[in-house]
Each structure stands twice: as C-alpha cells, then as structure tokens.
Amino acid sequence: MYRFLLTAFLAWLVLVPALAAPPTREIPQGMVAYPLETLRAARRPGGPGRDGIPSIDRPRFVSADQARLDDDDIVIGLYHRGEARAYPQRILVWHEIVNDEVGGEALSITYCPLTATALGFRRGETELGVSGKLVNSNLVMYDRATGSEWPQILGAAIDGPLAGQGLEEVRVVWTTWGQWRARYPESEVLSERTGYVRNYRRDPYGSYAPLGGYYLPQSRRLFPVLHRDDRLPPKTLIYGVRTASGALAMDRRVLRDAGLIETRLGAERIVVIHDPGLDSAWAFRNPRGTSLDADTLGFGPEGVSGPGIEALEPLNGFEAMWFAWGAFYPATEFYAEVP
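Quick caveat: nothing in here was measured; it's all calculated off a predicted structure.

Criteria and thresholds
Residues numbered from 1 in each chain as written. Predicted model: local features only at pLDDT ≥ 70, side-chain atom pairs only at ≥ 80, totals over all residues. Heavy atoms only, no water. Helix = DSSP H or I, 4+ residues; strand = E, 2+ residues; numbered from the N terminus. Rg over C-alpha atoms; globule rule 2.2 N^0.38 Å. Contact = heavy atoms within 4.5 Å. 1 Å grid on protein atoms, 1.4 Å probe; cavity = no way out; pocket = protein on both sides within 12 Å on 5 of 7 lines; lining within 4 Å. Points joined across faces, edges and corners; volume = space filled by probe spheres on them. Core = buried A, V, L, I, M, F, W, Y, C linked by side-chain atoms within 4.5 Å. Buried < 20%, exposed > 50% of the residue type's maximum accessible area, 1.4 Å probe, protein only. pLDDT = per-residue confidence, 0-100. Pairing = 2+ DSSP bridges. Nonpolar A, V, L, I, M, F, W, Y, C, P; charged D, E, K, R; others polar.

1. Examining the overall build of the protein chain
Phase 1 of the analysis: For the protein chain, the count of helices and strands is six helices and 27 strands.
Phase 2 of the analysis: What you see for the protein chain is a C-alpha radius of gyration of 20 Å, in line with the 20 Å of a compact globule of 339 residues.
Phase 3 of the analysis: With the C-alpha coordinates aligned to their principal axes, the bounding extent of the protein chain is approximately 75 × 50 × 40 Å.
Phase 4 of the analysis: Intrachain contacts of the protein chain at a sequence separation of at least 6 include 62% that bridge at least 24 residues.

Here it is in structure tokens:
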C-alpha cells in the first residue's frame, strides 16, 4: 500500500507543472533608493504570518447595479484590455491582494491599508500572496513560484531568487465608486462572496468618508520607517511618480487646483494631468517638451486625450501616504508645498 501511494504521489508531481516565476523587468537606477541589504534588514513582522491575511485567489464579481456601494465609497479601479473592474477598498482592507484575470491576462491587484497604496502587477502563471512582513510600514508581497519578497511600493524583489528584479506594473486608480461608475457604467465589482467570513461593512483602521482613525493626516504610523520627512502631515495623500531619475511627489490638493503640472525630475520633463472625473491623475514623460493646454484635453475610458498627448510617454503614478513615500524615497522631489 505504501509503495502504491508513493508511486501515485510521484506520478502526480510529474503531471502537475511547477508555477512559473512572474514576468520581471530590470529596475532602473533611482527607483530603489537603498541597498537591498538595508531593505532586508528593515523588514518587520506585521502581525499575522505568511498568508495570515489571505489573498483572494478566485474572485467573484457582480454587476454595477448589484454592487452594494455608496457613491463616496473608495474603490480601486482597473481598466484593462477593454474591461473595467472595481475592487472596493473595504474588501481589500481585509485581503490586500486579489489574484485576478482581466482581458485574458493574469494580474494581481494589491492594496496596503497602512500606506494607502494601490498598485497592479502582471503575475504570469503564479500568484502573489501576503508575506506577513512590512518595510516602511508597507506590505511585503511574495510570489508563490519562487518565494521572492516584494515591497509593494517598490515593486522590486529584495530577497529570494528574483532579488533586484521588478514586477511589471499595470495602472490602477484610487477613486470613489460614484466617480468610477460614471466613467465605466458597465464595470464589474468584486463581490463580498470571497469564501472568507469578514465584516466587509467595517474598516478595522478607521474610515475614509468621513476621514477618521488611522487615516487622519496627523495620526501616528504603527511601524518604524527608514526615513522621516516632515514637510507634510504624515498621512497626507500625495500623488507620486518614480523614474530612473528619482522620485517626484505632489500634494493631491495642489494637483487638483493646478489641473496640469509641467515640471522636471532630473533631466526628464514630466507632465502630470489631473483627471477631474476620477479625481486622480495621469503622468507622462515629455521628451520633446511638447506644449499642452489643459482646456483642450478630455477624459474617457481609455484615459486622457487631446492635442499633444500622442507625443508623451506614459508613467505609472499612484497615490500614497506621504510618510511612506518619503521613507522609500528620501531624496524625493516635492512639487509645490502647501503651508
């Protein structure tokens, strides 16, 4: 009997393919501000161990009409290959990662409540999970193919076989359900039928509407960081971009008021355009110094359009709490401080 079971198990190993590592890219100099050894040493346990915060690996969705959301509920929006999906923050706060497939491509939608950062990544034939560790209070993910560990904000592996490599990013949007549904009325919405028993009506950290608890700009962080930057209250939401030239951040209120910001990051010309429909932004390199007029630009499902946009090179920017951005990018440029 034992020999039979052993033979059957070995046959199963042969038939079941090993998970392939996620697709990666070289990380340009400037996008990781610390040596990997420093980042590894900065890891801290966040409480639950590996997969103690369970990712959603078989997500279900409902239509926009079936979603039990208020207009001011925060969602992480994704528009990819013609498909729109919304991932409510109040579900992601309990799971942090959704391993999904959108437009025929395997993606991981990730959210760290401690730093208010949402990023999407191509995951290939593997899945991303929650490691149970933090760096600069930020979620450290791991991939289930190689066990490499990836701080979410960096999108770069700091440990494991893929150390020094970066995940391929996919744009997601921090917005409200009302704004997202107005832009994408046919959007699907992540269902509360996750397979786990959680109170998705309660955020364990506080609330965004109105702001309260941990999310208040002046409230204290819970974990140590490598660098403190006191130019803004620690949990002010900023919009940030990073390139080989370094990192650039701007207060979302300044971006909202300006509409269009043209600036430099090292030798690179950068354009950031506020999207009033989503209260988010689109970031670009402007290698030719093309002149743009905010009054001629429009916004639709595919993004921003108008004269001069075709000459720009898209960058992936995202919202973050100021303390976390400054901790990962201590030399960050900061556009237009607000008193």
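2. Observations regarding empty space enclosed by the protein
Phase 1 of the analysis: Under the counting rule described, the total for this entry stands at two cavities of 30 Å³ or more.
Phase 2 of the analysis: Quantified by volume, the largest cavity comes out at close to 40 Å³.
Phase 3 of the analysis: Ala116, Ala118, Val172, Val173, Trp174, Phe318 and Glu319 are the residues that line the largest cavity.
Phase 4 of the analysis: Breaking the lining of the largest cavity down by element, the ones donating at least two residues are strand S14 (173-176) and strand S26 (318-321).

3. Overview of the nonpolar core
Phase 1 of the analysis: Ranked by internal contacts, the top residues of the largest apolar core, which has 68 residues, are Tyr87 and Trp325.
Phase 2 of the analysis: Counting residues per element, this core draws most heavily on helix H6 (residues 322-328), at six residues.
Phase 3 of the analysis: Excluding its chain neighbours within four sequence positions, the residues that come into contact with Tyr87 are Phe61, Val75, Ile76, Leu78, Leu92, Val98, Asp100, Val102, Ile109 and Leu190.
Phase 4 of the analysis: Counting residues in each nonpolar core, the second largest holds 13 residues, with Tyr239, Leu248, Ile270 and Leu315 among its members.

4. Some words on the confidence of the model for the protein chain
Phase 1 of the analysis: A residue-level look at the protein chain finds 94% of positions with pLDDT of 70 or above and a mean pLDDT of 93.
Phase 2 of the analysis: Counted against residues more than four places away or in other chains, residues 8-17, with its pLDDT under 50, gives zero contacts.

5. Quick look at the sheet that holds strand S3 (residues 61-62)
Phase 1 of the analysis: Spatially, S3-S15-S5-S4-S14 is the arrangement adopted by the five strands of the open sheet, whose pairing is mixed. The strands lining the two open edges of the sheet, one partner per strand, are S3 and S14.
Phase 2 of the analysis: Examined bridge by bridge, strand S4 (residues 74-80) and S14 share four bridges and lie antiparallel to one another. Opposite Ile74, over in S14, you have Thr176 as the bridge partner.

6. Describing the layout of surface pockets
Phase 1 of the analysis: Roughly 660 Å³ of internal volume is contained in the largest pocket.
Phase 2 of the analysis: What lines the largest pocket is a set of 31 residues, among which Val170, Arg171, Pro314, Leu315 and Asn316 lie closest to the centre.
Phase 3 of the analysis: For the lining of the largest pocket, the elements supplying multiple residues, two or more each, are S4, strand S13 (169-170), strand S18 (237-243), strand S22 (280-285), strand S24 (303-305) and strand S25 (313-315).
Phase 4 of the analysis: A per-class count over the lining of the largest pocket returns 18 nonpolar, five polar and eight charged.
Phase 5 of the analysis: Contributing to the lining of the second largest pocket are 21 residues, with Trp174, Leu211, Leu237, Arg252 and Arg256 lying nearest its centre.
Phase 6 of the analysis: Elements with a minimum of two residues in the lining of the second largest pocket: S14 and helix H5 (252-258).
Phase 7 of the analysis: Taken together, the residues that form the lining of the second largest pocket break down as 11 nonpolar, four polar and six charged.

7. Section: the pairing of S22
Phase 1 of the analysis: Most of S22 sits out of view: five of its six residues are buried.
Phase 2 of the analysis: For strand S21 (residues 268-275) and S22, the ladder comprises six bridges, and the chain directions are antiparallel. Each residue of the ladder has a partner; that of Val271, found in S22, is Phe284.
Phase 3 of the analysis: Counting the residues in the hairpin turn of S21 and S22 gives four residues, including Asp279, whose phi is positive at 50 degrees.
Phase 4 of the analysis: Where S22 and S25 come together, three bridges link them in antiparallel fashion. Residue pairing in the sheet places Ala283 in a bridge with Leu315 of S25.

8. Brief notes about the pairing of S4
Phase 1 of the analysis: For S4, the tally of buried residues reaches six of seven residues, placing the bulk of the element in the interior.
Phase 2 of the analysis: Direction of pairing for S4 relative to strand S5 (residues 83-88): antiparallel, over a ladder of six bridges. When the sheet's bridge partners are listed, Ile76 is paired in S5 with Tyr87.
Phase 3 of the analysis: Remark: two residues form the turn of the hairpin made by S4 and S5, two consecutive strands paired antiparallel; Arg81 in that turn has positive phi of roughly 50 degrees.

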